[in-house]
Structure formats: structure tokens, C-alpha cells
Amino acid sequence: MYNLILFGPPGAGKGTQAVKIAEKYNWIHISTGDILRAEVNQGTALGLKVKAIMEAGQLVSDELLVEIMESVFVRHALVKGFVLDGFPRTLNQAKALDKMLEKLGKKVTLVLSLDVDEEELVKRLLKRAQDQGRKDDTEEVIKNRLIQYHQHTKPLIDYYREQKLLKEVIGVGSVDDIFTTLCLAIDAN
Ligand code: AMP
């Protein structure tokens, strides 16, 4: 099983690339943001719990995320591979992921980190706000999401670099060119 983590700040293009990768390799794309948004839209108990947190651009608790991911792995035990998009986002989540995979006799195969400068990220997120109307793409919330990224998520780069699992890819350019670079990195692994 190939377990790929697509890593990067909000607006780096993880979602777009994760869909293309999952399609090409016949893997399952797991976006924790999409899972949580679906819960919010359906008004489930979990959705009600996380709605305000998401709209404020804060991180949902590690406990909830780990619970969600455990059920994902149980549901898709027999797949060829996963593309994780938006998880893990904290060191606790990364360690919990290692444990979950270990229980299944698996591990993280590769972490591809999309590198995009901050000015470009804000520009893209504001454009997405117009195109998709996501409630957490307002200027104020974007700032908060980037702060969360720097405080909690960016340190994972060192965590995965130390394990020699990290490859950094420039996330600026055409979607297809970035996709080609990502595929080369996956195939080389
Ligand atoms: P995303 O679509 O990945 O940008 O996620 C949207 C929002 O969902 C985030 O701003 C968080 O509020 C929440 N979220 C998604 N994934 C996680 C995660 N792994 N840990 C904590 N919160 C998350």
C-alpha cells in the first residue's frame, strides 16, 4: 500500500493535485477538510461541533481527527494506496498516524510538500473565496489559517525530513507541470 501525504499550507494546491494523483494511481483521496465540511453541511452532531472552529480558521481537535482517520482506514482496508490531503496537521496527529499505520503493518511511504510563498497563497485563497464561496476564505480567517499552519503544521516538515520521507516540490506554475513533477517524485520512490 502506498501512503502518500500531500503537505503544504492552505492554498498550496493540495486538493487539486490530490484528486489528480488519486485518479492516476487508483488510490483513495482523503481530504479531512472535505470530510468535515460534509459533516457541517449535513448538520450531524460532529458537524455542529466543528462548524464554528472551521469558520474561524482554527484547527479541530486532534482527538476528533484521529477518530475520523481511524474509521477511514477501517473502511478502506484493502485499497492500493491513500493520498492524504490536510492530515496530519499537528505533531500529535502525525504520531497518531504512524501508530494507526503500524497497527495495519503499514507506514508513510512519502511526504510531498508543496512550496508556495505567502503572498501567492493569500491571492489564491481570496480568489477561491470568490469562485467557491468557502466561508473560511475571508481575509481575516485566511490570516488565522496561515498562523495555525506556521504554529502547528509547518514543524511537521522537520519531523518528516528527519525520517527521510520528505520531498519538496515548487507549487507555483501550471497545474499540469506541478502534477508531472509530483508524479516523477512518486515514481522515483
Ligand atoms: P482544509 O480544507 O484542509 O483547508 O480544511 C478546512 C478546515 O478544516 C481547517 O481550517 C480546519 O478547521 C479543519 N481541518 C481539516 N483538517 C484538519 C486537521 N487535520 N486537523 C485539524 N483541523 C482540520
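See the structure printed just above.
All of these numbers come straight from a predicted model, not from anything done at the bench.

A. Molecular detail of the site of the ligand. Among the 16 residues in the neighbourhood of the ligand, the closest are listed as Thr32, Arg37, Gln58, Gly86 and Gln93. A distance of 3.0 Å is found between an oxygen atom of the ligand and a side-chain nitrogen or oxygen belonging to Arg89. In the environment of the ligand, an oxygen atom lies 3.4 Å from a nitrogen or oxygen atom belonging to the side chain of Arg145. Contact with the protein chains removes 96% of the 480 Å² of surface that the ligand exposes when unbound. Broken down by element, the shell around the ligand gets its largest block of residues, 4 residues, from helix α2 (residues 32–42). Here the residues of the shell around the ligand sort into 6 nonpolar, 5 polar and 5 charged.

B. Representation of the packing of α2 against helix α4 (residues 62–75). Direction vectors running N to C along α2 and α4 enclose 100°, while the axes themselves pass 11 Å from each other. Between α2 and α4, the interaxial angle falls into the category roughly perpendicular. Residues Thr32, Ile35 and Leu36 of α2 form the contact with α4, whose participating residues are Leu65, Ile68, Met69 and Val72. The residue inventory of the contact of α2 with α4, partitioned by class, reads 6 nonpolar, 1 polar and no charged.

C. Highlighting a negative patch on the surface. Together, Asp115, Asp117, Glu118 and Glu119 make up a negatively charged patch on the protein surface. Along the chain, the position of Asp115 falls in strand β4 (residues 110–115).

D. Highlighting the packing of aromatic side chains. Under the criterion given, the structure shown has 5 aromatic pairs. Taking the centre distance of 6.2 Å and the plane angle of 50° together, the rings of Phe7 and Tyr149 count as tilted. Taken together, the residues Phe7 in strand β1 (residues 2–7) and Tyr149 in helix α7 (residues 139–153) connect sequence positions 142 residues apart. On the accessibility criterion, Tyr149 (8% relative accessible area) is buried. By the ring-pair criterion, three or more aromatic residues cluster together here, those being Tyr2, Tyr25 and Trp27. For Lys20, the ring lying beneath its charged end belongs to Phe179, and the centroid distance is 4.8 Å.

Cut-offs and rules
Residues numbered from 1 in each chain as written. Predicted model: local features only at pLDDT ≥ 70, side-chain atom pairs only at ≥ 80, totals over all residues. Heavy atoms only, no water. Near = heavy atom within 4 Å. Polar contact = N/O pair within 3.5 Å; in protein donor to acceptor, adjacent residues only side chain to side chain. Areas by Shrake-Rupley, 256 points an atom, 1.4 Å probe, with all protein chains shown as cover. Helix = DSSP H or I, 4+ residues; strand = E, 2+ residues; numbered from the N terminus. Nonpolar A, V, L, I, M, F, W, Y, C, P; charged D, E, K, R; others polar. Axes fitted to C-alpha atoms, helices over the stretch in contact; angles between N-to-C directions. Parallel < 35°, antiparallel > 145°, perpendicular 65-115°, else oblique. Contact = heavy atoms within 4.5 Å. Patch = residues over 30% accessible without salt bridge, like charges linked within 9 Å, V, L, I, M, F, W, Y side chains within 5 Å. Salt bridge = Lys/Arg side-chain N within 4 Å of Asp/Glu carboxyl O. Lys, Arg positive; Asp, Glu negative; His and termini not counted. Charge placed at Lys NZ, Arg CZ, Asp CG, Glu CD. Phe/Tyr/Trp six-rings, centres within 6.5 Å; stacked < 30°, edge-to-face > 60°. Buried < 20%, exposed > 50% of the residue type's maximum accessible area, 1.4 Å probe, protein only. Lys NZ or Arg CZ within 6 Å of the ring centre and 35° of its normal.

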